[in-house]
Amino acid sequence: RSGQHLQAITILKQSVSLFPYLPTPYENLAIFYMLSGDAANAKEMVKDGLSIFPSDPNLQAIQRKMENHP
């Protein structure tokens, strides 16, 4: 919310590393990548998250949003 996307990305990358079996860090990191204009990393994060959590509704929603707004 503070607009410090780069700091958030750094922290969320650590969260994904420390807690690879929780979907929330993948979701949030993908969102912050999108907010930063980094669509490639956002897509990669969604892909990584869905490979572990294929039925996660939040990751699926993020993926649909990216598909609708390339």
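Just so you know, the residues in each chain are numbered from 1, in the order the chain's sequence is written. A pLDDT threshold of at least 70 governs which residues receive local features in this predicted model, and a stricter bar of 80 or more applies before side-chain atom pairs are shown or counted, although totals over entire chains, interfaces and linings include all residues. Side-chain metrics in this entry use all non-hydrogen atoms of the structure; hydrogen atoms and water are not considered.

Caption draft 1: Fine view of the side chain of Asp 56. A run of H or I in DSSP becomes a helix once it reaches four residues, and a run of E becomes a strand once it reaches two; helices and strands are each numbered from the N terminus. Its location among the elements puts Asp 56 in the loop between helix H3 (39-52) and helix H4 (57-68). In this scheme, a residue with accessible area under 20% of its type's maximum is buried, one over 50% is exposed, and one in between is partly exposed, where area comes from a 1.4 Å probe on protein chains only. Positive charges are assigned to Lys and Arg, negative charges to Asp and Glu, while His and the chain termini are left out of the count. What makes a salt bridge here is a side-chain nitrogen of Lys or Arg within 4 Å of a carboxyl oxygen of Asp or Glu, nothing more. Despite its burial, Asp 56 remains without a salt bridge, the nearest opposite charge being carried by Arg 64 at 9.5 Å. In terms of polar contacts, Asp 56 uses its side chain to reach the backbone amide nitrogen of Leu 59, at 2.7 Å. Contacts were defined at the residue level, with two residues in contact if any of their heavy atoms lie within 4.5 Å. If we ignore the near neighbours within four places in the chain, the residues touching Asp 56 are Pro 23, Glu 27 and Leu 50. N or O atoms within 3.5 Å of each other form a polar contact, as long as, within protein, one can give a hydrogen and the other can take it, and as long as residues adjacent in sequence are counted only when both atoms are side-chain atoms.

Caption draft 2: How the structure looks around the packing of helix H1 (residues 5-18) against helix H2 (residues 23-35). Axes, fitted as lines to C-alpha atoms, cover a helix only where it is in contact. Angles between the N-to-C directions of the axes lie from 0 to 180 degrees. Between H1 and H2, whose axes approach to 9 Å, the crossing angle comes to 155 degrees. When the axis of H1 is compared with that of H2, the two are roughly antiparallel. Remark: the crossing between H1 and H2 carries left-handed chirality. Facing H1, whose interface residues are His 5, Ala 8, Ile 9, Leu 12, Lys 13, Ser 15 and Val 16, H2 presents Pro 25, Tyr 26, Asn 28, Leu 29, Phe 32, Tyr 33 and Leu 35. Of the residues that constitute the contact of H1 with H2, the class distribution is 10 nonpolar, 3 polar and 1 charged. Roughly parallel here means an angle under 35 degrees, roughly antiparallel means over 145, roughly perpendicular means 65 to 115, and every remaining angle is called oblique. Handedness of a helix crossing follows the sense of rotation of the near helix relative to the far helix, less than a right angle counterclockwise being left-handed and clockwise being right-handed. Residue classes follow a fixed rule: Ala, Val, Leu, Ile, Met, Phe, Trp, Tyr, Cys and Pro count as nonpolar, while Asp, Glu, Lys and Arg count as charged, and any other residue, Gly among them, counts as polar.

Caption draft 3: Inspection of the confidence of the model for the protein at higher detail. Within a predicted model, pLDDT stands for the predictor's per-residue confidence, ranging from 0 to 100. Scored by pLDDT, the protein comes out at a mean of 91, with 94% of its residues at no less than 70. Of all helices and strands in the protein, the one with the weakest mean pLDDT is H1 (91), whereas H3 scores best (96).

Caption draft 4: Structural detail: the packing of H2 against H3. Contact geometry of H2 with H3 gives a least axis separation of 8 Å together with a crossing angle of 165 degrees. The pairing of H2 with H3 is recorded here as roughly antiparallel in orientation. Like other packed secondary-structure pairs, H2 and H3 cross with a definite hand, here left-handed. Touching Tyr 26, Leu 29, Ala 30, Tyr 33 and Met 34 of H2 are Asn 41, Ala 42, Met 45, Val 46, Asp 48, Gly 49 and Ile 52, all from H3. Looking at the contact of H2 with H3, its residues break down into 9 nonpolar, 2 polar and 1 charged.

Caption draft 5: Examining the nonpolar core more closely. Nonpolar core, defined: a set of buried Ala, Val, Leu, Ile, Met, Phe, Trp, Tyr and Cys residues in which side-chain atoms within 4.5 Å join the residues together. Ranked by internal contacts, the top residues of the largest apolar core, which has 17 residues, are Tyr 26, Leu 29, Tyr 33, Met 45 and Val 46. Where this core is concerned, the elements lending two or more residues are H1, H2, H3 and H4. Top element by residues in this core is H2. It accounts for 5 residues. Not counting the four nearest positions on each side in its chain, Met 45 is found in contact with Val 16, Tyr 26, Leu 29, Ala 30 and Tyr 33.

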